[in-house]
Each structure stands twice: as structure tokens, then as C-alpha cells.
Amino acid sequence: MGPELHYQMIMSRTAELRAEAARQRLAREARAARKGDEPSGGERHRSRAVFGKLRTS
């Protein structure tokens, strides 16, 4: 394999890996944004605890 062909293969593979990394980064950011919209388990628990304290028996 000539050095030019080897270089082209490396450049092509690098482009593929960078594109894949960008897709994964976008998916990770979307998951983080979706998680940020939902209250965490602790926040849900606190809101239920407050509601339980305000309720008269």
C-alpha cells in the first residue's frame, strides 16, 4: 500500500470517527436536557413529603 493511499484511509477513518463522536455527543446532550426537565428522585420525594405534611388527617 502506498503512503498516499494509507494517508487517505487514515483521513477517511478520522472523519468517520469524528462524525460518530458528534452524534454520540448530541445524543448525550439530548439525554441530559431531558433529564434536566424531569425532577430528580430527591426532588420528587421532597414534594411528596411537603404535600404529606400539609394534608390534614
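For every chain, the first residue of the written sequence is number 1, and numbering continues from 1 onward in sequence order. Residue-level local features of this predicted model are given only where pLDDT is at least 70; pairs of side-chain atoms are given and counted only at 80 or more, and the full residue set underlies all totals for whole chains, interfaces and linings. Hydrogens and waters are ignored; side-chain quantities use all the structure's heavy atoms.

**Focus on a positive patch on the surface**
Applied cut-off: Here a patch means residues that are over 30% exposed by relative accessible area and free of salt bridges, tied together within 9 Å if like-charged and within 5 Å if nonpolar (Val, Leu, Ile, Met, Phe, Trp, Tyr). Exposure was quantified through the Shrake-Rupley algorithm and a 1.4 Å probe, taking into account, for residues, occlusion by the shown protein chains and nothing else. Each salt bridge in this description consists of a side-chain nitrogen of Lys or Arg and a carboxyl oxygen of Asp or Glu lying within 4 Å of one another. Here the positive residues are Lys and Arg and the negative ones are Asp and Glu; neither His nor the chain ends is included. Positions of charges follow a simple convention, taking NZ of Lys, CZ of Arg, CG of Asp or CD of Glu. Secondary structure follows DSSP: runs of H or I at least 4 residues long count as helices, runs of E at least 2 residues long count as strands, and numbering of each begins at the N terminus. For every residue, the accessible area (1.4 Å probe, protein chains only) is compared with the maximum for its type, and the residue is labelled buried under 20%, exposed over 50%, or partly exposed between those bounds.
Taken together, the side chains of Arg25, Arg28, Arg31, Arg34 and Lys35 define a basic patch exposed on the protein surface. For Arg28, the position within the fold is in helix α1 (residues 3-37). With a relative accessible area of 48%, Arg28 lands in the partly exposed category.

**A few points about the pattern of salt bridges**
Tallying each qualifying case throughout the model produces two salt bridges. Of the charged contacts in the structure, one is a salt bridge between Arg13 and Glu16, with a shortest N-O distance of 3.2 Å. Linking Arg13 with Glu16, this pair stays in helix α1, spanning three residues, or about one helical turn. In this structure Arg13 comes out as partly exposed when scored by relative accessible area, which is 46%. A salt bridge links Glu20 to Arg23; its shortest N-O distance comes to 2.6 Å. In this pair, Glu20 and Arg23 are both assigned in helix α1, three residues apart and thus about one turn of the helix distant.

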